[in-house]
Amino acid sequence: MHRRRRRTALILSAAAIAAAPLLTACGSDAHPGAAAVVGDDRITVAQLEGRVNEVRDAQRSAIPDDAQYAQAIAKSGGLTRATLHTMVLDKVLHRAATDAGVTVTRRDIQTMRRGMEQQSGGRKALEEGWLRQYNVAPARLDDSLRTEIEAQKLSAKLGADMNSPEGQAVFWKALTAASKKLDIDLNPRYGTWDVDKNKRTDAKTPWVRQVTKAGSGTPEQPA
């Protein structure tokens, strides 16, 4: 069970951050104050930056050594875009789950957390593990667990075995349908949303200058 949860997390969360291109923008902003609009919900730039700062603060607290902290920052160079990807995908998943009649209770989250704390060696070990592997700040752990439970319940409702390519295809098809309903619109400085692949991609725009480029390791939806 624990192995399957970890597999779901790898697929759905921003655990493995892509070292995405750093972009600098000029010209007018077509999305003043918004990083993304997902259906009727608006993810503001301030909200996005706040989530990123939560991770950075948690990393700083967990890694007092300056050199090690610098290494952690380098490994998560694409944190802002990966965080936005996760925030949008969480909303897509929630819409798909809602459409399928799936709900998650507070008891569900508490039960999963207790079990994972026992397996990990305690609360602190679990929080540090998810921070290190998935860039989830301790304050957001319950939210992340809710997402994992929602994904598990949705896959069960769909009869999708997430350990098989066929099951994953069924699961992602449901998310694609939800993604289309939500009419997701990203601020161009953060890229665009690929509805079919349910992922953020870097936009090709004349007013964006690519500064650096690094290899990508973000887990993707099966092709």
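For the structure, check the block above.
For every chain, the first residue of its written sequence is number 1, and the numbers climb from 1 along that sequence. In keeping with the model being predicted, local features are shown solely for residues with a pLDDT of at least 70 and side-chain atom pairs are shown and tallied solely at 80 or more, while totals for entire chains, interfaces and linings include all residues. Excluding hydrogens and water, the side-chain values take into account all heavy atoms of the structure.

Chemist: Looking at this model, I keep getting lost on the sheet that holds strand β3 (residues 41-44). Mind explaining?
Modeler: Through backbone hydrogen bonds, the strands of a sheet pair up, either in parallel or in antiparallel fashion. Sheet architecture is open: three strands sit in the order β3-β2-β4, paired in antiparallel fashion. Among the strands making up the open sheet, the edge pair consists of β3 and β4 (185-186). Following DSSP output, two strands are said to pair if at least two bridges run between them. The way it works is that DSSP assigns letters per residue, a run of H or I at least four long becomes a helix, a run of E at least two long becomes a strand, and they are numbered from the N terminus.

Chemist: I would appreciate a short explanation of helix α2 (residues 45-62) in the present structure.
Modeler: Residues lying three or four places apart along an α-helix face the same way, a consequence of the helix completing one turn every 3.6 residues. Taking 1.5 Å per residue as the helical rise, α2 with its 18 residues ought to reach 26 Å, and the 26 Å between its terminal C-alpha atoms agrees with that figure. Whether two residues are in contact is decided by their heavy atoms: any pair within 4.5 Å suffices. In the core, the buried residues of α2 are packed alongside β2 (34-38), β3, α3 (66-75), α4 (79-99) and α6 (123-134). One less than the number of residues in a helix, times 1.5 Å, gives the span that helix is expected to have.

Chemist: Any chance you could explain the nonpolar core here in plain terms?
Modeler: Inside soluble globular proteins, nonpolar side chains tend to come together where they are buried. Here, nonpolar core means buried Ala, Val, Leu, Ile, Met, Phe, Trp, Tyr and Cys residues that are tied together by side-chain atoms lying within 4.5 Å of each other. Only protein chains enter the accessibility calculation, which uses a 1.4 Å probe. A residue is then buried if its area is under 20% of the maximum for its type, exposed if over 50%, and partly exposed in between. Within the largest apolar cluster, 35 residues are counted, with the highest numbers of intra-cluster contacts made by Leu84, Val88, Val92, Phe171, Leu175 and Ile184. Elements with a minimum of two residues in this core: β2, α2, α4, α7 (141-158) and α8 (165-182). In terms of residue count, α4 provides more of this core than any other element does, nine residues in total. Counting residues in hydrophobic clusters, the runner-up holds eleven residues, among them Val104, Met116, Leu126 and Trp130.

Chemist: How should the packing of aromatic side chains be read in this particular structure?
Modeler: The geometry of an aromatic ring pair comes down to the distance between the two centres and the angle between the two planes. For Phe, Tyr and Trp, rings pair up if their centres lie within 6.5 Å, where Trp contributes its six-membered ring, and each pair is then called stacked (planes under 30 degrees apart), edge-to-face (over 60) or tilted (otherwise). Under the counting rule described, the total for this entry stands at two aromatic pairs. Arranged with centres 4.7 Å apart and planes meeting at 75°, the rings of Trp130 and Tyr134 form a pair that is edge-to-face. Within this pair, Trp130 and its partner Tyr134 are both found in helix α6, separated by four residues, close to a single helical turn. Among the residues examined, Tyr134 registers a relative accessible area of 3% and is labelled buried. Taking 5.8 Å as the distance between ring centres and 90° as the angle between the ring planes, the aromatic pair formed by Phe171 and Trp172 counts as edge-to-face.

Chemist: I tried to follow the pairing of β2 on my own but got confused; where do I start?
Modeler: Residues in a regular strand project their side chains so that they alternate between the two faces of the sheet. Of all five residues in β2, four are buried, a share of seventy percent or more. By the bridge criterion, four bridges tie β2 to β3 in an arrangement that is antiparallel. Paired with Val37 across the strands is Arg42, a residue of β3. Where β2 folds back on β3, the antiparallel hairpin that results is connected by two residues, among which Gly39 adopts a positive phi of roughly 60°.

Chemist: Got a minute to help me understand unusual backbone geometry in this structure?
Modeler: Glycine aside, the phi torsion of most residues is negative, and most peptide linkages are trans. The backbone of Asp183 shows a phi angle near 50°, a positive value even though the residue is not glycine. Along the chain, Asp183 falls in the loop between α8 and β4.

Chemist: When you look at the pattern of salt bridges in this model, what are you seeing that I'm missing?
Modeler: A side chain with one charge can pair with a side chain of the opposite charge if their charged atoms come near. What counts as a salt bridge is simple: a side-chain nitrogen of Lys or Arg found within 4 Å of a carboxyl oxygen of Asp or Glu. One pass over the structure, following the stated rule, counts 13 salt bridges. For Arg113, the salt bridge identified is with Glu117, shortest N-O distance 2.9 Å. Of this pair, Arg113 and Glu117 are both found in helix α5 (residues 106-120), four residues apart, which corresponds to roughly one turn of the helix. Here the two residues Arg113 and Glu117 agree in accessibility, since each one is buried.

Chemist: I keep staring at the packing of α2 against α3 and nothing clicks. Help me out?
Modeler: Describing two packed helices takes the angle between their axes plus the distance from one axis to the other. Lines are fitted to the C-alpha atoms to define the axes, a helix being fitted only along its stretch in contact, and any angle between axes, read from their N-to-C directions, falls within 0 to 180 degrees. Interhelical geometry of α2 versus α3 gives an angle of 150° and a closest axis separation of 9 Å. In terms of orientation, α2 and α3 fall into the roughly antiparallel class. Between α2 and α3 lies a crossing whose hand is right-handed. Within the contact between the two elements, α2 uses Arg56, Gln59 and Arg60 and α3 uses Asp66, Tyr69, Ala72 and Ile73. Within the contact of α2 with α3, the residues separate by chemical class into three nonpolar, one polar and three charged. Here the angle decides the label: under 35 degrees means roughly parallel, over 145 means roughly antiparallel, 65 to 115 means roughly perpendicular, and every other value means oblique. Helix crossings are classified by the rotation of the near helix relative to the far one: an anticlockwise turn of less than a right angle makes the crossing left-handed, while a clockwise turn makes it right-handed. Three residue categories are used. Nonpolar comprises Ala, Val, Leu, Ile, Met, Phe, Trp, Tyr, Cys and Pro, charged comprises Asp, Glu, Lys and Arg, and polar comprises the others, including Gly.

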